[in-house]
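If you want the building blocks of each chain, they are given just below.
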Amino acid sequence: MNRNLNDGINFFSKLNNRRMANAVRLYTSYQLSRLFKRPIHWGKPMVMEIEPTTSCNLRCPQCPSGLREFSRNTGMLDLTLYKKIIDEIHPELVYLILYFQGEPFLNKQFLEFVKYAAAKNIYTATSSNAHYFTDEMARATVESGLDRLIVSLDGITQDTYEKYRIGGNLEKVLEGTKRLVYWKKKLGSKTPHIIWQFIAFKHNEHQIPELEKKAKEIGVDELGIKTAQIYDYQHTDELIPETEALSRYKKTEDGYVIKNELLNQCWRMWRGSVVTWDGLVVPCCFDKDATHRFGDVSKESFEAVWKGEAYNNFRSAILRSRKEIDICTNCTEGTKVWAN
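From a predicted model like this one, the values you see are computed outputs, not experimental measurements.

Right, let's get into the packing of aromatic side chains. Enumeration according to the criterion identifies 18 aromatic pairs in this entry. Ring geometry for Y30 and W267: centres 5.3 Å apart, planes at 50°, overall tilted. Note that Y30 is positioned in helix α2 (residues 17-36) and W267 in the loop between β8 (255-258) and α10 (268-271), a separation of 237 residues in sequence. Among the residues examined, Y30 registers a relative accessible area of 6% and is labelled buried. Relative accessible area serves as the criterion here: at 23%, W267 is assigned to the partly exposed category. Aromatic rings pair up to connect F294, F302, W306, Y311 and F314 into one cluster. Between K288 and the ring centre of F286, over which it is positioned, the NZ or CZ distance is 5.3 Å.

Shown next, in the form of C-alpha cells:
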C-alpha cells in the first residue's frame, strides 16, 4: 500500500464524532468571520503545537535557537505541565505537533509526551535534526506511537549540509534514519511516517535529484522540499534559490518580495494554537520570540486563554489588516514543494 495512503488512513483513524463536529464548528465560524469581517469563533483546538524545548545542538543561521538570540526564556517542558494541557484539550484535539523551536529529543521526557498523547488517540508529529537516534533511541521512538517524524536534511554531502546545519554531522542523520527504517520493519510498524525535509537554498538546490535517489535507497516514506524563511530577504540573496519555484520570494526591479498576498484571513488562528515550553500561548509558529502572548497555561486554564480578550483582539486584527502584524509579513504558512 502507498506509504502516504497509510499515513492518511492512520490520521483519519484518530477522528470520532466529537472531533469531527468540533472541526465543523471551527471551519464554519472561520468562514463566517471572513464574511462578516469580525471574529466569530466556535469550537476548541483541533491542532496544537507544544514546544518540548528551546535548546538545540546546532547553530542554523536563520533560526533563533541556532543563533542563541531568543528574547524569551529558554528551557525544557515539564511533564506535569504537559499533561495538564493535554488533559484539557484532548477530547477535540486531532493533531499534536511536538515541536516549535529547539531539538525535541534533547528533552529527556520527549517520548513520554508522545506516549501520553498516543494513549488518547491523538495524531502526534515532530521535527528533528536526527543526531540522537542511537539504535536504542530509534527502537524506542518507533515503539512510542509517534505518528510522523520530519527529519531535517538540507544537503546530501557534508560540505553542503553544514553550510546551514552548522555543527551538524550528515553521517549521523543518515545512520539515524537507517535505524528508524530498520526498526519499523523489524517491529512491523507503519509508524512513524518518516519524512526527509529539505529546505531549499541557493547552495543546495542542485542536490535535489541526488537527494531523491538517496531517499529511495534508504527507504524513507516521503521527501518534502520546503522553501526557506529568510529574515533579511529584502537586502540579501545569499540564501535565496535561483529556481523561483523553490523560493517563497520573487525578484522584482526593487529587490525581493514575498509571494504571499497577505490576505486578511488566517485559518491557523481558528484551528489551533502554540504553547511554549513554559506555558505561554502564542498565535502560531511564526511568533518565535513569543511577542504576542495571549496567556499562560501554567497559571490559568487553556480555555480561559483560548476564549480570552487578547486572543479575540488578535483574530480581529488579522481580519482588519494582516499586513500590520509583524509576524505575518514574512509568512507563507510554510510553503512546501512536495516530492515523492
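In this section: the packing of helix α5 (residues 110-118) against helix α6 (residues 135-144). The interhelical angle for the contact between α5 and α6, taken along N-to-C directions, is 20°, at an axis separation of 9 Å. Between α5 and α6, the crossing angle belongs to the class labelled roughly parallel. In the packing of α5 onto α6, the handedness of the crossing is left-handed. Residue-level contacts link L111, V114, K115 and A118 of α5 to M137, A140, T141 and S144 of α6.

Moving on: the pattern of salt bridges. On inspection of all chains with the given rule, the structure shows 15 salt bridges. Residues R72 and E51 are paired through a salt bridge, measuring 2.8 Å at the closest nitrogen-oxygen approach. Of the two residues, R72 sits in the loop between α3 (64-67) and α4 (79-89) while E51 sits in the loop between β1 (47-50) and α3, which places them 21 residues apart along the sequence. When the shortest N-O distance is used, the salt bridge between E303 and K307 registers 2.9 Å. K307 gets classed as exposed once you look at its relative accessible area, which sits at 58%. Connected via shared salt-bridge partners are R3, K184 and D221.

With that out of the way, let us pick up empty space enclosed by the protein. Under the counting rule described, the total for this entry stands at 2 cavities of 30 Å³ or more. Counted as a void, the largest cavity has a volume near 80 Å³. Elements that contribute at least two residues to the lining of the largest cavity include exactly β1, α10 and β9 (272-275). Of the residues assigned to the lining of the largest cavity, the class counts are 5 nonpolar, 2 polar and 3 charged. Taken as a whole, the second largest cavity encloses approximately 70 Å³ of empty space. Around the second largest cavity sit C266, R268, M269, P283, C284, F286, F314, I318, R322, I327, C328 and C331, which together line it. At the level of secondary structure, the elements contributing two or more residues to the lining of the second largest cavity comprise α10 and α12 (309-321).

Both faces of β1 are covered, namely the face carrying V47 and E49 and the face carrying M48 and I50. The pairing of β1 with β9 spans 4 bridges and is parallel. Residue pairing for β9: E49 is matched across the bridge by V274.

Our focus in this paragraph is α2. Across its 20 residues, α2 extends 28 Å between first and last C-alpha, which sits within 8% of the 28 Å expected from 1.5 Å per residue. Among the residues of α2, those classed as buried are R19, N22, L26, S29, Y30 and S33. Down the axis of α2, the buried set is contained in an arc of 105°. They therefore lie on one face. Opposite the buried face of α2, at more than 90 degrees from it, the exposed residues are N17, V24 and L35. Contacts made by the buried residues of α2 are with α10, α11 (302-306) and α12. You can read the cap of α2 off the contacts: a side-chain oxygen lies 3.2 Å from the backbone nitrogen of R18, and it is on N16. Immediately beyond the C-terminal end of α2, within one or two residues, lies K37, with a positive phi of roughly 60°.

Procedures and definitions
- Residues numbered from 1 in each chain as written.
- Predicted model: local features only at pLDDT ≥ 70, side-chain atom pairs only at ≥ 80, totals over all residues.
- Heavy atoms only, no water.
- Phe/Tyr/Trp six-rings, centres within 6.5 Å; stacked < 30°, edge-to-face > 60°.
- Helix = DSSP H or I, 4+ residues; strand = E, 2+ residues; numbered from the N terminus.
- Buried < 20%, exposed > 50% of the residue type's maximum accessible area, 1.4 Å probe, protein only.
- Lys NZ or Arg CZ within 6 Å of the ring centre and 35° of its normal.
- Axes fitted to C-alpha atoms, helices over the stretch in contact; angles between N-to-C directions.
- Parallel < 35°, antiparallel > 145°, perpendicular 65-115°, else oblique.
- Left-handed = near helix turned anticlockwise from the far one by under 90°.
- Contact = heavy atoms within 4.5 Å.
- Salt bridge = Lys/Arg side-chain N within 4 Å of Asp/Glu carboxyl O.
- 1 Å grid on protein atoms, 1.4 Å probe; cavity = no way out; pocket = protein on both sides within 12 Å on 5 of 7 lines; lining within 4 Å.
- Points joined across faces, edges and corners; volume = space filled by probe spheres on them.
- Nonpolar A, V, L, I, M, F, W, Y, C, P; charged D, E, K, R; others polar.
- Pairing = 2+ DSSP bridges.
- Expected span 1.5 Å × (residues − 1).
- Arc of directions from axis to C-beta.
- Polar contact = N/O pair within 3.5 Å; in protein donor to acceptor, adjacent residues only side chain to side chain.

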